[in-house]
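Summary of the model geometry
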Amino acid sequence: MQRIINIGIIAHVDHGKTTLVDHLLRQSGAFRANEPVVECIMDSNELERERGITIFSKNAAISYKGVKINIVDTPGHADFGSEVERILKTVDSVLLLVDAAEGPMPQTKFVLKKSLELGLRPIVVINKIDRKDQRAHHVVNLVFELFMELGATDEQLDFPILYAIARQGIAKRSLEEEGKDLGPLFETILAHVPSYTDKTDLPLQIQITSLDYDDYMGRIGIGRIYQGKVKRQTPVVVCKRDGRIGPAKINRLFVFEGLKRKEVEEAPCGDIVAIAGIEGITIGETICLPEAPRPLPPLKIGEPTLTMNFLVNDSPFAGKEGRFVTNRQLKERLEREVQTNIGLRVESLGGVEGYKVSGRGELHLSILLETMRREGYEVQVSRPEVITREINGVIMEPIEQLVVTVPDPYARTVIEKLGLRKGEMQGMRSEHGVTVLEYLIPTRGLLGYYTEFMMDTKGEGLLDHSFSHYEPFKGKLVRRPNGVLISGETGITVAYALWNLQERGVLFLGPGVPVYEGMIIGQNSREQDMTVNPCKEKRLTNMRSSTADEAIRLIPPRTLTLEQALEFIEQDELVEVTPKSIRLRKKYLTEQERRRNR
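Everything quoted here is computed from the prediction, not taken from an experiment.

**Some thoughts on the overall build of the protein chain**
The secondary structure content of the protein chain amounts to 15 helices and 35 strands. Over its C-alpha trace the protein chain gives a radius of gyration of 27 Å, about what one expects of a compact globule, namely 25 Å for 598 residues. Reported as C-alpha extents along the three principal axes, the dimensions of the protein chain are approximately 95 × 65 × 60 Å. Relative to its 598 residues, the protein chain shows a buried fraction of 53%. Within the structure as shown, the protein chain displays about 28,200 Å² of accessible surface, and the carbon and sulfur contribution to it stands at 49%. Side chains of the protein chain carry 80 positive and 84 negative charges; the gap between the two charge centres is 3 Å.

**Observations regarding the packing of aromatic side chains**
All told, the structure shown has nine aromatic pairs when counted by the stated rule. An angle of 45° between the planes, with centres 6.4 Å apart, marks the rings of Phe 144 and Phe 159 as tilted. In this pair, Phe 144 sits in helix H5 (residues 136-149) while Phe 159 sits in the loop between helix H6 (154-157) and strand E6 (161-165), placing the two residues 15 residues apart along the sequence. Against the face of Tyr 196 rests Arg 224, its NZ or CZ located 4.2 Å from the ring centre. A cation sits over an aromatic face here: Arg 444 above Phe 473, 4.0 Å from the ring centre.

**Points about the sheet that holds strand E12 (residues 245-249)**
Ordered by their spatial adjacency, eight strands build an open sheet running E12-E11-E17-E8-E9-E16-E13-E14, and the pairing between neighbours is antiparallel. With one partner strand each, in any of the chains shown, E12 and strand E14 (260-263) form the two edges of the open sheet. Sheet twist, expressed as the average angle between the axes of neighbouring strands with direction ignored, equals 40°. The pairing of strand E13 (residues 252-257) with strand E16 (residues 272-276) spans four bridges and is classified as antiparallel. Considered in E16, the bridge of Leu 253 is made with Ile 275.

**Describing the pairing of strand E1 (residues 4-11)**
For E1, the buried fraction is high: eight of the eight residues fall into the buried class. The sheet contact formed by E1 and strand E3 (residues 67-73) spans six bridges and is parallel. By the bridge assignment, Ile 5 is partnered in E3 with Ile 69. Sheet analysis places E1 next to strand E4 (residues 93-99), joined by five bridges and oriented parallel. Within E4, the residue paired with Ile 10 across the bridge is Leu 96.

**Thoughts on the pattern of salt bridges**
Applying the stated rule across the entire model yields 34 salt bridges. For Glu 471, the salt bridge identified is with Lys 474, shortest N-O distance 2.6 Å. Across the pair Glu 591 and Arg 594 runs a salt bridge, and its minimum N-O distance is 2.9 Å. Residue Glu 591 and its partner Arg 594 are both found in helix H15 (residues 591-597); the two are separated by three residues, about one turn of the helix. Of the residues examined, Arg 594 reaches a relative accessible area of 9% and is grouped as buried.

**Overview of the packing of helix H8 (residues 327-340) against helix H9 (residues 362-374)**
The N-to-C vectors of H8 and H9 enclose an angle of 130°; their axes lie 12 Å apart at closest approach. The angle between H8 and H9 places the two elements in the oblique class. Regarding H8 and H9, the two cross each other, and that crossing is right-handed. Contacts between H8 and H9 involve Leu 330, Arg 333, Leu 334 and Glu 337 on the former and, on the latter, Leu 368, Thr 371 and Met 372. In terms of residue class, the contact of H8 with H9 is built from four nonpolar, one polar and two charged.

**What about the sheet that holds E1?**
For sheets, the rule is that strands pair by backbone hydrogen bonds, running either parallel or antiparallel. Here we have seven strands laid out as an open sheet, ordered E2-E3-E1-E4-E5-E6-E7, and mixed in their pairing. Only two strands of the sheet have a single partner each, and these edge strands are strand E2 (58-64) and strand E7 (170-172). Strand-to-strand twist across the sheet, computed as the mean angle between neighbouring axes with direction ignored, equals 25°. As paired strands, E4 and strand E5 (residues 123-127) are joined by five bridges and run parallel to one another.

**A word on the nonpolar core**
Ranked by size, the top nonpolar core spans 37 residues in total, and within it Leu 96, Ile 126 and Phe 147 carry the most contacts. Ranked by size, the runner-up nonpolar core spans 31 residues in total, among them Phe 310, Leu 369, Tyr 377 and Val 575.

**Focus on the pairing of strand E32 (residues 519-524)**
For E32, the buried fraction is high: six of the six residues fall into the buried class. Across three bridges, strand E28 (residues 484-487) lies against E32 in antiparallel orientation. Following the sheet pairing, Val 484 is matched in E32 by Gln 523. The pairing of strand E30 (residues 505-507) with E32 spans three bridges and is antiparallel.

**Observations regarding unusual backbone geometry**
Phi at Gln 233 is positive, roughly 70°, even though this residue is not glycine. Relative to the helices and strands, Gln 233 is located in the loop between strand E10 (230-231) and strand E11 (235-239). Non-glycine residue Asn 392 carries a positive phi angle of around 55°.

**Examining the environment of Gly 218**
Here Gly 218 is to be found in strand E9 (residues 218-227). Taking relative accessible area as the criterion, Gly 218 reaches 17% and is therefore assigned buried. Taking the C-alpha atoms as reference points, Gly 218 and Val 255, 37 residues apart in sequence, are found 17 Å from one another. Leaving out residues up to four positions away in the same chain, Gly 218 has contacts with Asp 212 and Tyr 213.

**Focus: helix H4 (residues 106-117)**
In an α-helix there are 3.6 residues to a turn, and that puts residues three or four apart on one side. The first and last C-alpha atoms of H4 sit 17 Å apart over twelve residues, in line with the 16 Å expected at 1.5 Å per residue. If you check which residues of H4 are buried, you get Pro 106, Gln 107, Thr 108, Phe 110, Val 111, Leu 112, Ser 115 and Leu 116.

**Focus: the environment of Lys 320**
With respect to the helices and strands, the residue Lys 320 is situated in the loop between strand E18 (306-311) and H8. Judged by relative accessible area, which is 61%, Lys 320 ranks as exposed. Considering only alpha carbons, one finds Lys 320 and Thr 153, 167 residues apart in sequence, at a separation of 60 Å.

**What to know about the side chain of Asn 127**
When you line up the elements, Asn 127 lands in strand E5. In this view, Asn 127 contacts His 15, Gly 16, Leu 97, Val 98, Asp 99, Ala 100, Ala 164, Ile 165 and Ala 166; residues no more than four positions away in its chain are not counted.

**Some remarks on the packing of H4 against H5**
Relative to each other, H4 and H5 sit at 50°, their axes nearing to 10 Å. Taken together, the axes of H4 and H5 are oblique relative to one another. Judged by the twist between their axes, the crossing of H4 over H5 is right-handed. In contact with Thr 108, Lys 109, Leu 112 and Leu 116 of H4, H5 contributes Leu 146, Phe 147 and Glu 149. Grouping the constituent residues of the contact of H4 with H5 by class yields four nonpolar, one polar and two charged.

Here is what the cut-offs are and how they apply
Residues numbered from 1 in each chain as written. Predicted model: local features only at pLDDT ≥ 70, side-chain atom pairs only at ≥ 80, totals over all residues. Heavy atoms only, no water. Helix = DSSP H or I, 4+ residues; strand = E, 2+ residues; numbered from the N terminus. Rg over C-alpha atoms; globule rule 2.2 N^0.38 Å. Buried < 20%, exposed > 50% of the residue type's maximum accessible area, 1.4 Å probe, protein only. Areas by Shrake-Rupley, 256 points an atom, 1.4 Å probe, with all protein chains shown as cover. Lys, Arg positive; Asp, Glu negative; His and termini not counted. Charge placed at Lys NZ, Arg CZ, Asp CG, Glu CD. Phe/Tyr/Trp six-rings, centres within 6.5 Å; stacked < 30°, edge-to-face > 60°. Lys NZ or Arg CZ within 6 Å of the ring centre and 35° of its normal. Pairing = 2+ DSSP bridges. Axes fitted to C-alpha atoms, helices over the stretch in contact; angles between N-to-C directions. Salt bridge = Lys/Arg side-chain N within 4 Å of Asp/Glu carboxyl O. Parallel < 35°, antiparallel > 145°, perpendicular 65-115°, else oblique. Left-handed = near helix turned anticlockwise from the far one by under 90°. Contact = heavy atoms within 4.5 Å. Nonpolar A, V, L, I, M, F, W, Y, C, P; charged D, E, K, R; others polar. Core = buried A, V, L, I, M, F, W, Y, C linked by side-chain atoms within 4.5 Å. Expected span 1.5 Å × (residues − 1).

Structural data, given as structure tokens:
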């Protein structure tokens, strides 16, 4: 039987996982000689390409010296930790990539901890050794200290180390070697990763860890064969997460070959397969034989830390830009999302047309919103709020481990701002004109801070964080210091009106934009909210003016992205998300309603 190795690629965001997988595929012959190769080909999703990050885990397979190596590329951002957690159960080992300059970061600690808990023996790859500020030897020491801190066994501490330049497709066993290709990495994988125990003679067990969808085949379940072997057209049963057992049949069976799926009649124990034909299959369910229905332990996923209300759009412009606007359509879409996005929780609000959606962070929820608006949905969302717990009568809130990298001149400002947000400094170092700050800070202390941070550091700072633990509630935080400019009229914005208003604050829109009463059009320069008329036109008379009209010069408006809008709003405000627009509004549109509910 052919030897099969399953290996996951894990790291902090932007440490080079996807780039390394690209070169593993190239050098293993997954592409034809004359076939054009796209950079970051594993990031096939439109949002992934736009943002330059991996959002969904993906499978590929290569062959090296007769050994099949299934590769799983995982997200590096902390908000998509649930993708990483469930994938780690399907692999025999992991490649832990660490930046040669940055060293271990918050997400590095998270993914390594999960790997060690499952008993995996990682291979450490120190990447980007071509950086001028690389400190590879020191980073190796930091990685070893991290292993020790996380309680690694003696066997796990004996990890192999390679040094790589992923974008050039080079790996070597020491910094002094002259690297040519990824040969040393391939050889290390074959030598270090143990073969999966042959359990072919045992009853079939396949646990679904991810889902895909095809217009012709319907839902496709992807998972590993833990026991037995699977054949096409085999009658099976599905052990549901709620304990129920239902009959099913495997209509089509696929294994991975390169970036593609190859249809086969049967697949051996230990391989990762894609199965079509089982209606309603979801993540975490186990496929077994009818005579031996033995489900595997359910997947354990970390709990959400942030929640938002997804409400039916009831603004005056509702239904003008989207195709899906009703509560029923919103419910169906969120229920469909929960089946594949197991880090998400959806609850009914009761009496209100909308749902309470909980996730792992702002990015986790904003990616869902962005996907929905591109599909044609209209929805209104409230400000993200942290999920607290009560333990022994004490209110506990989530705490983030935060690492800030800023040029030295901006460090003082950042320290002051994080102090106001209840951040507690854990460490600080400065070298080569760059200061690295380590903090423990409440999750709610980071809400709305990213945009302010980028302005304070002139866009040169880096902010990385991941969930750490729960601590007693830290008390009230300083909220947005400025009020907003609220439209008191419904109509089209006029340049003359905006010209007069721009002295009072920062505008979010330009002339010729439809607005409605209660819509937020800008940020006030003072603390209180101000109701204004952005549709007011210049009065005309039949008398010729003795002086020339003053030229109207408008300052370009500050256009908010979806993430910036979610950071900006307060408790009494909403973000209206449609396929064409992102609008900010007050929950109560008229001045009279706002006074009554203030």
